[in-house]
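Now for the letters of each chain:
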Amino acid sequence: MTTTIERPHAAPKPPWHRRAIERARRRGIDVRTLPTGAAGIILAVMLVYGEVAYGQVLQASTLSNLLINNAHFVILAVGLSFVILAGGIDLSVGAVIAVSSVAGVMLVGAGWPTPLAIAAMIGIGTAFGTASGVLVQHFGVQPFIATLAMMFLARGLASMLSTTPQRLPDDSSFRLLGEPWKLIDGPRVNDLMASAGLVVAVVVVVVAAIVLQRTRFGRTVYAIGGSESSAALMGLRVPRTKLAIYVISGTLAGVAAVVYTARLGTAQNITGMGWELTAIAAVVIGGTLLTGGYGYVVGSVIGALVLGLMTVLITRDGGVPPEMTTIITGGILFVFVMLQRAVVRRRR
Amino acid sequence: MTATTTRERLGALASTPLVWGLVAIVVLLAINSLRDPGYLGVELAASGRLTGNPIDILRTAAPLLMIALGMTLVVATGGIDLSVGSAMVIGGAVSMEMLQAGDGSVGSAMAALGVALLITAVLGAINGVLVAFVGLQPFITTLVTMLAGRGLAKVITEGQNTSASNEAFRWIANGTVLGAPVVFLIALAILVVVVVLVRTTALGMLIESIGIDPKASRMAGVDRRSLLVAVYVISGVLGGVAGVFATGSVMTVDVSNTGLLLELDAILAVVVGGTALTGGRFSLAGAAIGALLIATLDKTVVFLGVSSAATPAFKAVVIVALCLLQSATIRERLSRVRLRAPRREVTA
Amino acid sequence: MEPRPPIVEMRGITIEFPGVKALDGVDLRLLPGEVHTLMGENGAGKSTLIKALTGVYRFQEGELIVAGEPVRLDGTASAQAAGISTVYQEVNLCENLSIGENVMLGQEPRTRLGIDWRRLHARASEALEALGLGDLDTRQSLSTLSLAVQQLVAISRAIVANAKVLILDEPTSSLDANEVARLFAVMRDLRDRGVAILFVSHFLEQVYEISDRLTVLRNGRHQGEFAIDEIDRSALISLMIGKDADTLDAIAQKREAAPREVDAEPLLRARGIARRGAIVPTDLELHAGEVLGFAGLLGSGRTELARLLYGADRLDAGTIELHGRPVALTSPAAALRHRIVFSSENRRDEGIIRDLTVRENVVLAVQAKRGWLRRIATSQQRTLVDDCIARFDVRPAQPERRIGTLSGGNQQKVLLGRWLATDPEIVILDEPTRGIDVGAKADIQAAVLELASRGVAVIFISSELDEVVRLSDRIVVLKDHAVIATLENGPDVTSETIVARIADADTQEEAA
């Protein structure tokens, strides 16, 4: 007879950051919210710093403009959050915006009614998202490559449509979507404003947060990001969910294109170059782990606003050469990644 | 020993992505030849240099080939280097600034090249250290250096597109030896050097080893960290070389566009060449074929009279076609692998 | 005794993989309210059969009948829909989610406003309560739980799903005695509620403790179905391995402490080496040509101590001397340079490089030692791998084959070849014979003795105390992160005396 006795390993003493996290946990703080909370604090600090250093930041008009001008970017970041939370990536969103907005403006120019053009624009996004999803899910193509292909395809198609800026007709009802509304007529143009685009962004954020937190689909997204094989073995609908996240990301890219085009009134084939990377940066800054499983939609909103506010502050400062912008973006991203590394335990 | 039948060998050949890349090149050239039977003609011009479409293709492929080689090694470790495009623009910016300040001699050309490579090596080393020692994800790390790197190039040239003149430099980028473009010969030489470097030493096997299983490699005594730093430095330096030649052909660095998104082309070349983005086994020859394919595609699109801005759409078609081709074989293999998985039990 | 119709009936299941029949006409019947154990050596087809039952694999022949209805499963979801729940050996849960959510994933209570989190946590608590885990805060992250508790959480999923069939694939391999007792209590409770439990375990004692009936497989074939009191242990072992259990014992005669000069300078001397949470300050001596066994429970510090000697983990305190000179073993690479090798118990994650060939796996450590610049000549690589294949009878004998396609036993042999190719002075083997077939086991044991006879110092670690006793000259007994005894092997040392030592230390502690 063989005598076999087994017992589990005792855990070694964790490093300092793990212990700090333990303390936080004991105080009833969900450590998963820490990176997102930190992003919120950074945003607040940036606002206060901006107010103190340059003035006229913490006021209705500046803040409304920040929101209105970044509405499309928030929508984009929300779409990417779904993909990244599930451990995927979508590089195509910037190019999808280009093809969607160029097509939309041309359709309006060709006399299509605005609602139809908008539906077409969103539909284009959905189509690209679906294509990415099918490549990833049914043909086993890596997300990076599949969405890279869709990025190339979208950019190329946009260029085939037109290589010159396309303008919406000045009287087009499409422009109304981007028109800011004065909610409160403040003194010295310090108005509280909103726009249809901003409303769309808010609706998208709220719906996305509800879907991710309160539906089985949303929880499956998190489960896949945590461990795809576990999710599959638990009997969750992994294939369907993986397809759906790309459809969502593509569709929201189409929505972002509508919001952006309405505000700007023009569209061009080179619109949105590199936006996918900035949007990924926003999602990561907002506390979503690039490997999936951890993060919140609200974090992506904060991340997008952090980057948007940064541009505002750099413009206000005037002393920072514009070429420093990307260096600062890189720096902020770096700081947040380091922060996340400290917070999120590594797998055993 | 097992005897391999011809049929098995052919089958193995057909499942090699490299072969599909070659086939795609031949198909593209055939299409062009159909349109213009003299397409493949090469003429000896009065100046003693060869001219013709194939020569053009080789010249276009050269910088991409260089960065694709570095990218292959990075990808083989399971990483990715998004910063090579920025390494290119830094290499270009540094060399142009040096040449502008220099006296136009061969010596100053060498100095410019040397400093450019040194700085891009440092950029690569930063990537390597962050990935290997700090433990950040390659995607995020190189996204940071990609953003910061282009910013740095703009800072170096103070946001200007710097031009310079230096005959030695111009010769390297535009000259010919025995009719062949110098820059392609250099790219070929680099290919040979890198192949020799990784295959006559154990570098290749050790890179594959850490790409497949970092933990087991460590237990086998493999020094993962120095290998990682090495591949990112190689990738950075090759990016710098590519940048110097890409700017050398026009003797101007365009800080906003030099090397922009070229990292994606390089990744595409690597994947077309049969190296999986998940790391492990890699093929440098495959990456070279991939780079040639992309260059051929670029030229073909222009030749067929489509706007060059639309090129990406054709790249997308190639990616999707190759992915589906490989996917059919991959899926067949996958189903075999999936079935084979329990073999360790069944043949134990 | 067969009044109840089976809830699951598998008839003539055949699964063929390219080149091999994994299952050949296997039958399995699960009755409601029984614990049914699936027995077989590694490679017998247990996992394959389970995967056929859970919809992971499809079978080419045979039929599956669940509750009297023929069923065709096309995935894990459909198996769960048919009332079949599975808990795998490697817990398949999501560490990024809360405990409660892991219990309820896919079965969340919902209202019109989506998931009802309050009710979700309440129901999760209820299900955990049934397993004696009512005090867990279900809102905490799953990652705060030990592996053992995670296993129970996985079982609670089956309770929530109201499973009629529960498959437990080696659930006890990482549990201590108390946890096993708790698990068994849960299993009995579920059984009494009419659940059919399919249990897989390698531990005979546990099998006899918990099972009602068992089915034995060997080489993908059905060997018989028995009530537990119909078959005794030796008959069962014979059925499983196909030859008498004594053969294994005959492979190596029990070793006794080799005569040694008392004052001989030890090859390795460790003084006060320690690592927080792993091993308290420990002294150790290792002599050339001896086999030093580490005996102790999993988690006693036996693996942890070995890892310190290889530089796989860092020392917090203490010194290690080789040949009387202090050395700094800061990494596996450093240990390799000092001619120390370590074969990890975790063959899959810390051993083989699955996509490299057998040849590359053999030369890897030597190559890493030489550095990447000095590549080992092709002819020399050939020699190394041919030696390894011939010496350990690696099958198939194909140097250019991917190692991932070899069986566990052959992978282990290749790994042994890798370590021996570095010409080591000290060889540390952590569970080298776990999960491999009898033949490979004998080959590896023979290799250990052969190494020692050539003057190599061997540290041999195994959960199977008999094996340790058979091979070792001296045995270090560990318990609770400390060495509690060092025994010279002799006729009076047996696995029972070692167990007694460990138990004895227990009573001493309690007395103190």
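For clarity, every value in this text was computed on a predicted model and none was experimentally measured.

Criteria and cut-off values
- Sequence order sets the numbering: in each chain, residues are counted from 1 along the sequence as written.
- All chains are assigned letters beginning with A, and all ligands numbers beginning with 1, in the order in which they are written.
- Only residues with pLDDT of 70 or above have their local features reported here, since the model is predicted, and side-chain atom pairs are shown and tallied only from 80 upward, although totals for entire chains, interfaces and linings are computed over all residues.
- Excluded from the side-chain calculation are hydrogens and water; included are all heavy atoms of the structure.
- For helices the rule is a DSSP run of H or I covering at least 4 residues; for strands it is a run of E covering at least 2, with both sets numbered from the N terminus onward.
- Exposure is judged per residue with a 1.4 Å probe applied to protein chains only, and the accessible area is read against the type maximum: over 50% gives exposed, under 20% gives buried, and values in between give partly exposed.
- Contacts are residue-level and defined by heavy atoms, with any inter-residue pair within 4.5 Å sufficient.
- In this scheme, strands are said to pair when DSSP sees at least two bridges between them.
- Every axis in this analysis is a line fitted to C-alpha atoms, fitted for helices over the stretch in contact. Angles between the N-to-C directions lie between 0 and 180 degrees.
- Geometry of aromatic contacts follows a simple scheme: Phe, Tyr and Trp rings, the Trp one being its six-membered ring, pair when their centres are within 6.5 Å, and the pair is stacked under 30 degrees between planes, edge-to-face over 60, tilted otherwise.
- Across the chain, each position has a pLDDT score giving the predictor's confidence in that residue, from 0 to 100.
- Here's the idea: put two parts together, see how much 1.4 Å probe accessible area each one loses, and the total over both is what we call buried area.
- Distance and chemistry together define a polar contact, namely a pair of N or O atoms within 3.5 Å, with one atom able to donate a hydrogen and the other to accept it when in protein, and with adjacent residues in sequence counting only for side-chain atoms on both sides.
- For a helix, the expected span equals 1.5 Å multiplied by the residue count minus one.
- In this scheme, the bend at a residue equals the angle between the axes fitted to the seven residues that finish there and the seven that begin there.
- Patch membership is restricted to residues that have no salt bridge and whose relative accessible area is over 30%. Joining uses 9 Å for like charges and 5 Å for the nonpolar side chains Val, Leu, Ile, Met, Phe, Trp and Tyr.
- All accessibility values rest on the Shrake-Rupley procedure with a 1.4 Å probe; residue burial counts only the protein chains present in the view.
- Any Lys or Arg side-chain nitrogen located within 4 Å of an Asp or Glu carboxyl oxygen qualifies as a salt bridge.
- Grouping buried Ala, Val, Leu, Ile, Met, Phe, Trp, Tyr and Cys residues that are joined through side-chain atoms within 4.5 Å yields what is termed a nonpolar core.
- Only protein atoms enter the calculation, which uses a 1 Å grid: trapped sets of points that fit a 1.4 Å probe without letting it out are cavities, open sets showing protein on both sides within 12 Å along at least five of seven lines are pockets, and any residue with an atom within 4 Å of a point is a lining residue.
- Grid points are joined across faces, edges and corners, and a volume is the space filled by probe spheres set on the points.
- Oblique is the label for any angle not under 35 degrees, not over 145, and not in the 65 to 115 range, which are roughly parallel, roughly antiparallel and roughly perpendicular in turn.
- Two helices that cross are described as forming a left-handed crossing if the nearer one is turned anticlockwise from the farther one by less than a right angle, and a right-handed crossing if clockwise.
- Throughout, the ten residues Ala, Val, Leu, Ile, Met, Phe, Trp, Tyr, Cys and Pro are labelled nonpolar, Asp, Glu, Lys and Arg are labelled charged, and all others, Gly among them, are labelled polar.

(A) Spatial organisation of the overall build of chain A. Counting secondary structure elements, chain A contains 13 helices and four strands. Burial statistics for chain A: of 348 residues in total, 53% are counted as buried. A fraction of 75% describes how many contacts in chain A between residues 6 or more apart in sequence connect residues 24 or more apart.

(B) Main features of the side chain of Thr357(C). Within the secondary structure, Thr357(C) is located in the loop between helix 12 (347-350) and helix 13 (358-370). Owing to a relative accessible area of 7%, Thr357(C) belongs among the buried residues under this scheme. Not counting the four nearest positions on each side in its chain, Thr357(C) is found in contact with Arg281(B), Pro399(C), Glu400(C), Arg401(C), Arg402(C) and Ile403(C).

(C) Representation of the sheet that holds strand 14 (residues 279-286) of chain C in the model. All names here are of chain C. Judged by pairing direction, the sheet is antiparallel, and its four strands sit side by side in the order 14-13-16-17 without closing on themselves. The open sheet has two edge strands, strand 14 and strand 17 (325-327), and neither has a second partner. In this sheet, neighbouring strand axes are inclined to one another by 30 degrees on average, regardless of whether the strands run parallel or antiparallel. Most of the contacts of helix 10 (residues 302-310) go to strand 13 (residues 268-275), to which it runs at about 115 degrees, and overall it touches strand 13, strand 14 and strand 16 (317-322).

(D) Region of the structure containing the packing of aromatic side chains. Residues and elements named next belong to chain A. Counted under the stated rule, the structure contains eight aromatic pairs over all chains. With a centroid separation of 6.5 Å and an interplanar angle of 25 degrees, the aromatic rings of Phe 82 and Phe 217 are classed as stacked. With Phe 82 in helix 3 (residues 60-85) and Phe 217 in helix 8 (residues 216-226), this residue pair connects regions lying 135 residues apart in the sequence. Judged by relative accessible area, which is 3%, Phe 82 ranks as buried.

(E) Inspection of the confidence of the model for chain C at higher detail. Residues and elements named next belong to chain C. Across chain C, pLDDT averages 85, with 90% of residues at or above 70. Across residues 243-247 the pLDDT falls below 50, and counting only partners more than four positions away or on other chains, this stretch makes four contacts in the model. Note that residues 507-512 has pLDDT below 50 and, in this model, two contacts with residues that lie over four places away or in other chains.

(F) Examining the interface of chain A and chain B more closely. Taken together, the 38 residues of chain A in the interface contact 43 residues of chain B. Between chain A and chain B, a total of about 3400 Å² is buried, with carbon and sulfur atoms accounting for 83% of that surface. Considering only the surface of chain A that becomes buried against chain B, Phe144(A), Phe152(A) and Glu323(A) emerge as the three largest contributors, covering 18% of it. Inspection of the chain A/chain B interface yields four residue pairs in polar contact (both at pLDDT 80 or more).

(G) Unusual backbone geometry, seen in detail. Positive phi, normally seen in glycine, also occurs at Gln56(A), with a value near 55 degrees. Owing to a relative accessible area of 51%, Gln56(A) belongs among the exposed residues under this scheme. Phi is positive for Asp423(C), which is not a glycine, with a value near 55 degrees.

(H) Structural view of helix 13 of chain C. In a regular helix each residue adds 1.5 Å, so 13 residues correspond to 18 Å; helix 13 of chain C covers 19 Å between its end C-alpha atoms and thus fits that length. When you tally the buried positions in helix 13 of chain C, you get eleven out of 13 residues, the bulk of the element. Buried residues along helix 13 of chain C sit in contact with helix 9 (203-212) of chain B together with helix 11 (332-337), helix 14 (378-392) and helix 15 (408-421) of chain C. Looking one or two residues beyond helix 13 of chain C, the residue adopting positive phi is Gly371(C), at roughly 90 degrees.

(I) Structural detail: helix 3 of chain A. All names here are of chain A. The principal kink in helix 3, of about 55 degrees, is found at Ala 71. Counted residue by residue, helix 3 has 21 buried out of 26 residues, so it is predominantly covered. Of the residues trailing helix 3, Gly 87 is marked for its positive phi of about 85 degrees.

(J) A nonpolar patch on the surface, seen in detail. Residues and elements named next belong to chain A. A cluster of nonpolar residues, Trp 181, Leu 183, Ile 184, Leu 192, Val 199, Val 203 and Val 207, forms a patch on the protein surface that exposes about 600 Å² of accessible area. For the nonpolar patch, the secondary-structure elements that each account for two or more residues are strand 2 (180-184) and helix 7 (196-214). Examined against the element boundaries, Leu 192 turns out to sit in strand 3 (residues 192-195).

(K) Representation of the confidence of the model for chain A. Residues of chain A with pLDDT of at least 70 account for 89%, and the chain-wide mean is 88. Here residues 1-12 of chain A is modelled with pLDDT under 50, and outside its nearest four sequence neighbours on either side it reaches 46 contacts, counting other chains as well.

(L) Quick peek at the nonpolar core. Residues Phe144(A) and Ile280(A) are the most contacted members of the largest nonpolar core, which totals 326 residues. Looking at this core, the element that brings in the most residues is helix 3 of chain A, giving 13 residues. Other than its neighbours up to four places away in sequence, Phe144(A) contacts Ile89(A), Leu91(A), Ile80(B), Leu82(B), Phe139(B), Leu264(B), Ile267(B) and Leu277(B). Among the nonpolar cores identified, the runner-up in size contains 30 residues, and Leu28(C), Leu30(C), Ala44(C) and Leu217(C) belong to it.

(M) Fine view of the layout of surface pockets. By volume, the second largest pocket amounts to about 1100 Å³. Looking at the second largest pocket, it is lined by 36 residues, and the ones nearest its centre are Leu260(B), Leu262(B), Asp265(B), Asp298(B) and Lys315(B).

(N) Expanded view of the packing of helix 2 (residues 34-54) of chain A against helix 12 (residues 297-317) of chain A. Residue and element names in this part refer to chain A. Interaxial distance between helix 2 and helix 12 falls to 9 Å at its minimum, and their mutual angle equals 20 degrees. It follows that helix 2 is roughly parallel to helix 12 by the angle criterion. Remark: the crossing between helix 2 and helix 12 carries left-handed chirality. Contacts between helix 2 and helix 12 involve Thr 36, Ala 39, Gly 40, Leu 43, Met 46, Leu 47, Gly 50 and Tyr 54 from the former and Val 298, Gly 299, Ile 302, Leu 305, Val 306, Leu 309, Met 310, Leu 313, Arg 316 and Asp 317 from the latter. For the contact of helix 2 with helix 12, the residue count by class is twelve nonpolar, four polar and two charged.

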